[in-house]
Amino acid sequence: MRVKSVDLKKVGFDEREVDRSGSYMQVDSEVVKCGVKEPGVYVIPTKKAIECDEYRKYLWKALKEDPSLGDFSNGYFIITEPGKKAIFPVQTCLLIEDSNIQHVHNIIVVEEDSELTVVTGCSSVPRKGTHIGVSEFYVKKRGKLHFMMIHMWGEEVEVYPRTGVIVEEGATYVSDYVCFKPGAKIKAYPTIYVDRGGTVVVNSMVMVSETSNIDLGTRVYLKGKGARAEIVSRSVSFGGVSITRGHLVAEVPGVKGHLECKGLILKDGSIVSAIPELEARTRDVDLTHEAAVGKISEEEIEYLMARGFTPEEAQSIIVRGFLNVDVVNLPESLKEEIDKFLELTTEGI
Amino acid sequence: MLKVENLKVEVDGKLILKGVDLELSPGKVVALMGPNGSGKTTLMMTIMGFPRYKVVEGRIIFKDTDITNLPVYERVNLGIGLAFQRSQSIDGVALRTFLKKIAEKRGVEVDIDGIANEFNMGDFLDRFVNKGFSGGEQKRCEFLQLLVLNPDLLLLDEPESGVDLDNIKLIGKAINKILKREVTPQTEGTDSERCVDKWKLKSALIVTHTGYILDYVKADEGYVLIDGRIVCKGNPYEILKIVEKYGYRRCERCV
Ligand SMILES: Nc1ncnc2c1ncn2[C@@H]1O[C@H](COP(=O)(O)OP(=O)(O)OP(=O)(O)O)[C@@H](O)[C@H]1O
Ligand SMILES: [Mg+2]
């Protein structure tokens, strides 16, 4: 394998493929691994998948086509059979090593009554590069997609994902996003369309470094009666700029949404903005939001110190709690990595 | 166990403790009383070592070591444990995880579910620390943490305030368990033998307004703190009776 200096475990990728129903790995523009172990789940390089009309129809349906992005090198295409409930997650990994620009087009289709988890890790060697990831997800009637994305970029990497998600009747989309060691610049605003009785839960935890400028948001259109959305964004800044956005749009009566943007500043020189936006286009909707930006309270630190923790340890316990590391169901190896990262970054603050 | 000598303490530039002397022998329980704002919490927080409480004069000796300038966590390591008058909630951290971390830090193995159930806190282990806990539940949570910490010196700041009578009993039981009070203090044996065991006799300093907790935890001595000074020292149960009858004014004359 070509992978040089990136520890794949850290982004949730298990090279031995234990407890995985399938794997896809791309380094720069080259597909280095692509296969499935569980019947009823298909993992195909996008370029190959769209040769078939049946699959081609998913291209540019959840997002508006944008020729300015240029041609994509590849990406993963994952589809389940109707009713298939995958036991193990599919893992994918996109790495930048030598190329200056990586442009991928990813598609996930969860067929009716089917359930799937996808764990995707994106990383790079620590140098310059641009990652443009176009992702289109389709969760069909009563289907369930749990999408977990881990970003761990080199300091000078710029990342511009475009994501569109279509959640059909009674379907569920859960997204957990973890970003530590963020690149220089990330700008993303995934858009999710939810039909009647659909459910969307989006959690994100972002640790912003000194050199980074992170602008992240989630936009959800509640389009059918009974559609629900919950967006929880937590961002911790160790210097650098962090903007957390959220936009909930209620298009029909009888929908419900909650938006929470919270930022914690740990170091002077940080700029943290929380920008929640609620938009109702009809009566009888229930939209709420909560936004807060602040620092760790002295009393909380003292409380933990009285239990035997050093000020640094106290801080990382509080930050870890703030980020919901234990609430979101993350792989153990990733939790350990986050802990190590927090330990290092809270030193000397 | 603990010796406080001529302690003067400033908070935000204001002198709160104006020369406090206090002594606590191994195995003894001392009750600290005094009107609101007299400096009881300040004394507790200073013994625990929080930087906001600035010692301008005097010193604090614990287990024969001058701890006046030690950081909080080192005092915890030496065996001091504080139950706060007002606790803090920690978002996103489950009580169970937190207790495990405390045990790890202390290097002890604790049956967390066992003691939580014993003290009626089993249902709280999967909730975030103190988050949305009622006043009484927060107090029980303090003691659950102290049971894990298992300190040699207990600093208890109004352990019974806001707690119903049944739960005061339960908190009393927790205190006695930490103090190993079911075991009678050993006074026999040679000096050197006693010396080894010296710190196994645990002590407590308990702030109380009502004295209810002293119905369950026997106090050996009582101190009254008024306006940053100890003005009275004696049998805690007698002091409580006098304060109940005449108020703290009577204590001022005690000096
Ligand atoms: N940051 C501060 N700045 C000024 N004064 C303070 C500060 N913190 C505490 N004090 C004052 O110190 C005095 C002692 O407070 P402390 O909390 O020790 O009293 P206490 O004896 O515990 O009272 P209570 O019985 O009400 O708990 C009070 O008058 C309080 O207002
Ligand atoms: Mg007090």
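Undergrad: Give a detailed account of unusual backbone geometry, specifying residues and quantitative values.
TA: Residue and element names in this part refer to chain B. The backbone of D64 sits at a positive phi, close to 65°, despite the residue not being glycine. Relative to the elements of secondary structure, D64 occurs in the loop between β4 (53-62) and β5 (65-66). The exposed category is assigned to D64, whose relative accessible area is 62%. Of note in this structure, N130 is not a glycine but carries a positive phi near 65°. Structurally, N130 can be placed in the loop between β8 (128-129) and α5 (135-149).

Undergrad: For the confidence of the model for chain B, give the residues involved together with the corresponding values.
TA: Residue and element names in this part refer to chain B. Scored by pLDDT, chain B has a mean of 90; 91% of the residues are at 70 or more. Averaged over each element, pLDDT in chain B is lowest for helix α7 (residues 191-197) (49) and highest for helix α1 (residues 40-48) (97). Our summary of model confidence lists the complex with pTM equal to 0.84 and ipTM equal to 0.90.

Undergrad: Just give me the short version of the coordination of the magnesium ion (ligand 2), but keep the residues and values in it.
TA: Residues and elements named next belong to chain B. Protein-derived coordination of the magnesium ion (ligand 2) comes from T41 (OG1) and Q85 (OE1), at a distance range of 1.9 to 2.2 Å. Of this pair, T41 sits in helix α1 while Q85 sits in the loop between β6 (80-83) and β7 (90-94), and the two are 44 residues apart along the sequence. When its relative accessible area of 26% is taken as the criterion, T41 is described as partly exposed. Classification of Q85 by relative accessible area gives partly exposed; the value is 26%.

Undergrad: Any chance you could break down the sheet that holds β5(B) for me, citing the residues and the numbers?
TA: All names here are of chain B. Read from one edge to the other, the open sheet built from four strands follows the order β2-β1-β4-β5, with strand pairing classed as antiparallel. Every interior strand has two partners, whereas the edge strands, β2 (14-24) and β5, have only one. With eight bridges connecting them, strand β1 (residues 2-11) and β4 associate as antiparallel partners. Looking across to β4, one finds that V11 is bridged to Y53. Contacting β1, β2 and β4, α1 runs over the sheet at an angle of about 110° to β1.

Undergrad: Run through the packing of helix α3 (residues 95-106) of chain B against α5(B), naming residues and quoting values.
TA: Residues and elements named next belong to chain B. Contact geometry of α3 with α5 gives a least axis separation of 9 Å together with a crossing angle of 30°. Relative to α5, α3 is oriented roughly parallel. Note on packing geometry: the crossing formed by α3 with α5 is right-handed. Within the contact between the two elements, α3 uses L95, F98, L99, I102, A103 and R106 and α5 uses C141, L144, Q145, V148 and L149. A class-by-class count of the residues in the contact of α3 with α5 yields nine nonpolar, one polar and one charged.

Definitions and limits used
- Residues numbered from 1 in each chain as written.
- Chains lettered and ligands numbered in written order.
- Predicted model: local features only at pLDDT ≥ 70, side-chain atom pairs only at ≥ 80, totals over all residues.
- Heavy atoms only, no water.
- Helix = DSSP H or I, 4+ residues; strand = E, 2+ residues; numbered from the N terminus.
- Buried < 20%, exposed > 50% of the residue type's maximum accessible area, 1.4 Å probe, protein only.
- pLDDT = per-residue confidence, 0-100.
- Donors = N, O, S within 2.8 Å, 3.2 Å for Na, K, Ca; no water.
- Pairing = 2+ DSSP bridges.
- Contact = heavy atoms within 4.5 Å.
- Axes fitted to C-alpha atoms, helices over the stretch in contact; angles between N-to-C directions.
- Parallel < 35°, antiparallel > 145°, perpendicular 65-115°, else oblique.
- Left-handed = near helix turned anticlockwise from the far one by under 90°.
- Nonpolar A, V, L, I, M, F, W, Y, C, P; charged D, E, K, R; others polar.

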